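Each chain is listed here by its residues.
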Amino acid sequence: MTLAARRVSLLEALAADHEGRAFVHAVDLGDPDNAAGLLDAARAEHGPIDVLVNNAGVQIVGPSEDTDFDAGVRLLTLNVHTPLRLTTLALPEMIARRSGTIVDVASMAAIAPTPGMLFYNASKGALAAASEGLRGEVRRHGVHVVTVYPGPVKSAMEAAAREKYQDSAAVQKVPTGTAEELARLVLRAIDKKTPRVVYPKVYGMARHFPNMTRWITDALTPELKRLPDKT
Ligand SMILES: NC(=O)c1ccc[n+]([C@@H]2O[C@H](COP(=O)([O-])OP(=O)(O)OC[C@H]3O[C@@H](n4cnc5c(N)ncnc54)[C@H](OP(=O)(O)O)[C@@H]3O)[C@@H](O)[C@H]2O)c1
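As the structure is a prediction and not an experimental result, all values here were calculated from the model.

Novice: Explain the domain arrangement of the protein chain to me, and be specific about the residues and the numbers.
Specialist: As far as domains go, the protein chain holds domain 1 (1-47) and domain 2 (49-220). The C-alpha centroid of domain 2 is placed 21 Å from the C-alpha centroid of domain 1. A combined buried area of about 980 Å² lies between domain 1 and domain 2, and 70% of that area is made up of carbon and sulfur atoms. In terms of surface lost to domain 2, no three residues of domain 1 exceed L29, P32 and L39, which account for 50% of the buried area on that side. In this structure, the connection of domain 1 to domain 2 is made through two salt bridges. Across the salt bridge formed by E93 and R43, the nearest N and O atoms sit 2.8 Å from each other. Where domain 1 touches domain 2, the interface holds four residue pairs in polar contact (both at pLDDT 80 or more).

Given below as structure tokens:
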């Protein structure tokens, strides 16, 4: 297993559970040009890539009119351009070997875009669309694609997002999962070659009732907290 992120100390803690089988790399995936070097390092460590997991991502939550455009573009680069670069670099050898899996961690935001997440919604919609379309293209070459649609899952990102909205009874009750259970479901999807993972499971119905989902999302998403006026 090859793990990549910027904070290598966190990766090392993860790798400690897989002694001798996990390698860590400090890589800024905000620059798609770092993708090739990462894949080369992974090949040097383990041989051909069996599974590529596009998981790294950032989120911006706040009033759309206040969102810094350059920060939004950086988000799109990390959440969309880099996964697509990694995918196009990993695919030729997977196709040649007629084996391999690409896992794209999108979001429920691709199915039910959340008010207050302008660039994030755009990024996850783009990644999910690319991922769903790719599956049908590469399956004849023996390559599988898993598209992952997490709803709220406890993490630093989820906690930061929650902080940005006004508290409400609805927010307190939002079904929220754990990273460990999501990882288990993703592993099963890779193993069983299932096309997508929606987690927590209750959000699965959203795909089948898009109009109702839109209505519920708009009705239940609380107002964003407004920062005090600086003037
Ligand atoms: N948690 C949720 O509720 C939720 C829901 C839907 C989808 N997701 C998606 O799940 C994925 C993981 O999110 P999370 O909740 O675990 O968020 P998180 O706690 O903020 O973790 C984000 C991960 O991405 C890495 N990352 C961020 N910027 C990076 C960069 N420039 N280069 C390399 N790595 C970078 C981070 O490592 P470093 O900061 O050390 O680089 C960290 O490992 C994301 O794609 C997110 O959009 C999460």
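Novice: Can you tell me about the packing of helix α2 (residues 35-46) against helix α3 (residues 69-97), naming the residues and giving the values?
Specialist: Between α2 and α3, whose axes approach to 9 Å, the crossing angle comes to 40°. With respect to their mutual orientation, α2 and α3 come out oblique. Handedness of the crossing formed by α2 with α3: right-handed. Across from A35, A36, L38, L39 and R43 in α2, the residues of α3 making contact are R85, L86, L89, A90 and E93.

Novice: Mind laying out the site of the ligand, listing which residues take part and the relevant values?
Specialist: Lining the immediate surroundings of the ligand are 25 residues, of which R6, L29, N55, Y120 and S155 lie closest. Note that an oxygen atom of the ligand is positioned 2.9 Å from one of the side-chain N or O atoms of K124. Between G151 and the ligand, the recorded distance is 3.5 Å, taken from a backbone N or O atom to an oxygen atom. Taken together, the elements giving at least two residues each to the shell around the ligand come down to α4 (118-138) and α5 (156-164). When grouped by side-chain class, the residues that make up the shell around the ligand number 14 nonpolar, six polar and five charged. Looking at which domains feed residues into the shell around the ligand, each of domain 1 (1-47) and domain 2 (49-220) supplies at least three.

Here is what the cut-offs are and how they apply
- The residue numbering used here restarts from 1 in each chain and proceeds along that chain's sequence as written.
- Where totals are concerned, whole chains, interfaces and linings use all residues; where local detail is concerned, this predicted model gives features only for residues with pLDDT of at least 70, and gives and counts side-chain atom pairs only at 80 or more.
- No hydrogens and no water enter the side-chain calculation; it runs on all heavy atoms of the structure.
- In this document the domain limits rely on a domain assignment from an automatic tool or a database.
- A simple way to read buried area is as the amount of 1.4 Å-probe accessible surface that goes missing from two parts once joined, with both sides added.
- Here, a salt bridge means any side-chain nitrogen of Lys or Arg that lies within 4 Å of a carboxyl oxygen of Asp or Glu.
- Think of a polar contact as two N or O atoms within 3.5 Å of one another; within protein, one of them needs to be a possible hydrogen donor and the other a possible acceptor, and neighboring residues in sequence only count if both atoms come from side chains.
- Between N-to-C directions, angles span 0 to 180 degrees; the directions come from axes that are lines fitted to C-alpha atoms, helices contributing only their stretch in contact.
- Every helix listed is a DSSP run of H or I at least four residues long, and every strand listed is a run of E at least two residues long, numbered separately from the N terminus.
- The cut-offs work like this: below 35 degrees is roughly parallel, past 145 is roughly antiparallel, 65 to 115 is roughly perpendicular, and the gaps in between are oblique.
- Left-handed is the label given to a crossing in which the near helix is rotated counterclockwise from the far helix by less than a right angle, and right-handed is the label when the rotation is clockwise.
- Two residues form a contact once any of their heavy atoms are found within 4.5 Å.
- One heavy atom within 4 Å of a molecule or strand makes the whole residue count as near it.
- Polar here means any residue other than Ala, Val, Leu, Ile, Met, Phe, Trp, Tyr, Cys and Pro, which are nonpolar, and Asp, Glu, Lys and Arg, which are charged; Gly is therefore polar.

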